[in-house]
Amino acid sequence: MNRPRFHLLAGCLLALLLFTAIMLAVGWPLQVRVAAPRLGMPVIDQPGASMEVRLVTSLPLLLPDLQLSLDGPGGVAPLQLTGSRWDGAAAVLTVLLPALPDGAYALRLQTPTQDLQLPKAVFLRSNWPATLRLVQIADLPPPGREPLMRRFIAEMRVKKPDAVLVTGDINYTGTAANIEFIYSQLLQLDAPVIMTAGNHERTAWHRYLRVFGARDQRTNLGPLAILSLDSAHGRDALTPSTFRWLHREFAHLDGRRPLVQVHHPIFSPGATAAAEAGGTGGYLRGYRRAFIELCRQYDVAIVLSGHWHQDAVYDSSGRFRADRVDFPGTKFVVTTALGADVRPVFSDSAPNNGYRWIEFKGGTLGAYGSDPHNPVPSTALGSP
Amino acid sequence: MNITTWLFLYLAGLVEAAIRYRFSLGDGWSAALTLLPLALLAMPRPPQPFVRWLGLLITLGCSIAFARSVSMDFWDTERPDLALLVAGIGLGAWLTVRESGTHSAWQVAEWGVVSLGWLLALWNPFAPWMALAPAAALALLPPSPAAASKTVGLSPAWLLFWIGMAVSKPWWDSDTWSALGVALWALAVTITYLPRIRELRLPFPLASLALVPLLYPWLPVWIWAPLLGLLSGWALQRTARPWHRAAGYALLVGLLLSYGLHSNLQWFGLWVWGRS
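Notes on the structure follow. (Residues numbered from 1 in each chain as written. Chains lettered and ligands numbered in written order. Predicted model: local features only at pLDDT ≥ 70, side-chain atom pairs only at ≥ 80, totals over all residues. Heavy atoms only, no water.)

1. Considerations on the nonpolar core
Soluble globular proteins: nonpolar side chains tend toward being buried together. Of all hydrophobic cores here, the largest spans 103 residues; its most connected members are F152(A), W75(B) and W129(B). It is helix 1 (residues 3–21) of chain B that contributes the most residues to this core, ten residues altogether. Apart from the residues lying within four places of it in its own chain, the contact partners of W129(B) are L9(B), Y10(B), G13(B), L14(B), A17(B), S63(B), F66(B), W75(B), V86(B) and I89(B). (Core = buried A, V, L, I, M, F, W, Y, C linked by side-chain atoms within 4.5 Å. Buried < 20%, exposed > 50% of the residue type's maximum accessible area, 1.4 Å probe, protein only. Helix = DSSP H or I, 4+ residues; strand = E, 2+ residues; numbered from the N terminus. Contact = heavy atoms within 4.5 Å.)

See below:
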């Protein structure tokens with residue numbers, strides 16, 4: 001072997017050996033993290049259906065021996081593995097949901113070195129009611145306003161919606177105490193919680209990822225496909241990857257009616273804003289026109305947003321609607337803050353802390369405001 | 001390893017982390033610590049040999065400690081201890097490679113490591129930083145004779161500016177595609193350093209037209225990245241040496257401009273249909 005070739009081979013081998021040693025030092029012993037399902041991105045399906053579990057591993061293409069099971073009101077049942085594949089960083093395991101009674105279950109994962117429990121990750125539902133009742137909240141209470149969160153949880157335990165959608169700004173201060181309080185409260189809900197991030201999550205992004213997990217996600221809920229988008233990375237926009245993901249999900253709805261939640265409102269408050277609104281009216285900028293076109297093309301029932309801390313409803317042309325509930329096309333809805341300070345962005349909308357109550361009959365949108373004629377008002381906290 | 005590869009790995013890793021974990025100048029001391037190694041570019045004095053070995057040890061230790069802290073968790077960019085480890089990775093590697101030259105035989109291994117680092121970022125987002133240690137280790141090997149390459153009068157600053165534009169493209173908001181794009185790009189650079197392939201003649205003015213798609217954010221990564229990698233590799237070998245320090249900063253400018261153009265910051269009115 002001549003000298004340059006020897007040098008080439010020796011250099012490559014040395015670099016490869018050193019790199020392998022570093023990776024082993026970092027990733028050994030082999031560990032896993034459950035990316036999904038979890039509180040905030042649950043699986044809701046019937047016994048016997050297939051479910052995907054996404055695991056991130058500490059070393060590439062290696063999985064430890066593991067057992068998966070569901071733990072809940074119906075007892076403990078192991079999950080039968082029917083398939084597996086690698087999707088980039090994640091190992092995707094396909095399992096069958098066992099024959100257990102309906103209810104909320106924790107996903108349990110055991111390896112030789114780990115025993116992980118993810119409460120409220122899986123919801124078994126054998127059948128769906130004629131009317132699906134969803135609740136949407138956004139802009140959750142910061143420290144000092146905890147009673148509002150507790151009151152909301154108490155109301156939901158009475159009203160028992162089929163799912164709670166959380167449209168961002170969960171951890172207002174970014175502190176560990178703030179997000180742990182919100183997590184502990186959401187854990188008390190009987191309904192599945194479906195989460196998307198807001199701009200305040202970016203002040204402690206690692207905490208949001210650690211507690212609630214992913215960015216863009218899809219949750220099937222009976223006849224609905226709930227698509228949760230991340231617009232809140234400081235750019236008030238959908239990024240190319242998010243938009244491409246949305247496009248792909250729309251193309252595989254499997255007969256379900258799509259519903260989108262995204263933290264930023266789609267339209268500008270424009271002329272409808274009250275004079276004192278100031279700079280509070282941020283809205284989606286990147287990919288807005290294309291997003292609205294996709295909503296029209298795939299007949300999206302409703303797009304749910306937060307961020308403004310006040311209620312508003314728009315039609316597809318961006319016109320503020322306070323006249324009637326059943327105007328044609330997608331409803332672009334902004335919901336007030338659940339617990340953060342309220343803002344007088346619109347004179348047509350009374351500022352209050354509250355949540356939005358949304359009803360679907362099959363895949364058809366029914367009520368989505370507390371006023372049967374005017375869609376704008378949400379349900380104020382403490383309403384009967 | 002030469003100083004540009006160091007810059008590339010450290011800066012691109014920082015940009016990638018910034019996207020994933022909201023690294024911000026507003027993080028105060030932690031941000032300052034993380035950016036500290038960039039200030040070293042202004043220091044001209046070559047380190048003593050033992051300092052180069054010490055630098056490698058620092059890089060190795062810091063990259064392992066940092067990656068173990070965050071690999072199954074997430075990076076708290078405000079934590080000063082983690083910022084210190086990141087700074088240690090950059091500082092140690094800089095001490096090792098600061099005055100090393102460009103040796104033809106090691107360049108294949110060096111760019112191979114860069115490519116491998118970004119490929120492994122699919123599993124561990126900090127793998128590009130971990131690649132700094134093995135790449136820097138190559139700088140400690142005895143130099144091998146460089147094959148003569150005819151220079152083509154390309155400005156190194158311009159070249160590095162375009163390379164900065166090349167890494168972490170629009171896919172960088174996606175955990176998978178950003179890393180894969182850079183890995184493919186670096187793999188193509190590696191190939192250009194192989195014997196025989198490095199001697200190929202390329203009509204650079206014509207080939208540089210391939211840079212135009214950089215302005216378009218949605219070109220499929222598997223077409224665009226290797227093509228640009230081949231161009232970058234051939235051009236890297238044919239620019240005049242030594243490079244002025246400004247060339248390193250040109251890489252930084254390219255990175256920032258690319259971020260602005262393709263991450264919906266809405267700079268410069270670069271609107272593609274559907275984005276508004």
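2. Structural notes on the pattern of salt bridges
All names here are of chain A. The full count for this structure, using the stated rule, is 19 salt bridges over all chains. In this structure, R157 and D190 form a salt bridge, with 3.8 Å as the shortest nitrogen-oxygen distance. Taken together, the residues R157 in helix 2 (residues 146–159) and D190 in the loop between helix 3 (176–186) and strand 12 (193–196) connect sequence positions 33 residues apart. What makes R157 partly exposed here is its relative accessible area of 39%. According to the relative accessible area criterion, D190 is partly exposed, its value standing at 43%. Through salt bridges with shared partners, one network takes in D315, R319, R321 and D323. (Salt bridge = Lys/Arg side-chain N within 4 Å of Asp/Glu carboxyl O.)

3. As for the packing of helix 3 of chain A against helix 4 (residues 205–212) of chain A
The relative placement of two packed helices is expressed as an angle between their axes plus a distance between the axes. All names here are of chain A. The interhelical angle for the contact between helix 3 and helix 4, taken along N-to-C directions, is 25 degrees, at an axis separation of 10 Å. Put simply, helix 3 runs roughly parallel to helix 4. Considering the relative orientation of helix 3 and helix 4, their crossing is right-handed. On the side of helix 3, the interface is formed by A176, I179, Y183 and L186, while helix 4 contributes R207, Y208, V211 and F212. Grouping the amino acids of the contact of helix 3 with helix 4 by side-chain chemistry returns seven nonpolar, no polar and one charged. (Axes fitted to C-alpha atoms, helices over the stretch in contact; angles between N-to-C directions. Parallel < 35°, antiparallel > 145°, perpendicular 65-115°, else oblique. Left-handed = near helix turned anticlockwise from the far one by under 90°. Nonpolar A, V, L, I, M, F, W, Y, C, P; charged D, E, K, R; others polar.)

4. Points about the environment of P112(A)
All names here are of chain A. With respect to the element layout, P112 can be found in the loop between strand 8 (103–110) and strand 9 (115–124). Spatially, the C-alpha atom of P112 lies 37 Å from that of T167, the residues being 55 residues apart in sequence. For P112, the residues in contact, after removing those within four places along its chain, are P64 and D65.

5. Examining helix 5 (residues 240–250) of chain A
For helix 5 of chain A, a buried count of eight out of eleven residues is recorded, marking the element as mostly surrounded by other parts of the structure. Taken together, the buried positions of helix 5 of chain A are occupied by P240(A), S241(A), T242(A), F243(A), W245(A), L246(A), E249(A) and F250(A).

6. A look at unusual backbone geometry
All names here are of chain A. Of the consecutive residues W28 and P29, the connecting peptide bond is found in the cis state with omega at 0 degrees. Here P29 lies in the loop between helix 1 (3–27) and strand 1 (32–36). Cis rather than trans, the peptide bond between A36 and P37 has omega equal to 0 degrees. Residue position: P37 is located in the loop between strand 1 and strand 2 (43–45). A positive phi angle, near 55 degrees, is found at D299, a position not held by glycine. Position of D299 relative to the elements: it lies in the loop between helix 6 (288–297) and strand 16 (302–305). Taking relative accessible area as the criterion, D299 reaches 45% and is therefore assigned partly exposed. For H307, which is not glycine, the phi dihedral falls at a positive 80 degrees. For H307, the location among the structural elements is in the loop between strand 16 and strand 17 (312–314).

7. Looking at the packing of aromatic side chains
Counted under the stated rule, the structure contains 19 aromatic pairs over all chains. Considering the side-chain rings of Y314(A) and F320(A), the 5.8 Å spacing of their centres and the 70 degrees angle between planes classify their relative orientation as edge-to-face. With respect to class, Y314(A) is no different from F320(A); both count as buried. Ring centres 4.9 Å apart and planes at 85 degrees place the aromatic pair F66(B) and F126(B) in the edge-to-face group. On the criterion of sequence distance, the pair formed by F66(B) in helix 3 (residues 49–70) and F126(B) in the loop between helix 5 (104–120) and helix 6 (127–130) is long-range, its members being 60 residues apart. With respect to class, F66(B) is no different from F126(B); both count as buried. Taken together, W6(B), Y10(B), F66(B), W75(B), F126(B) and W129(B) form an aromatic cluster joined through their ring pairs. (Phe/Tyr/Trp six-rings, centres within 6.5 Å; stacked < 30°, edge-to-face > 60°.)

So yeah, pure geometry; function would need other evidence.
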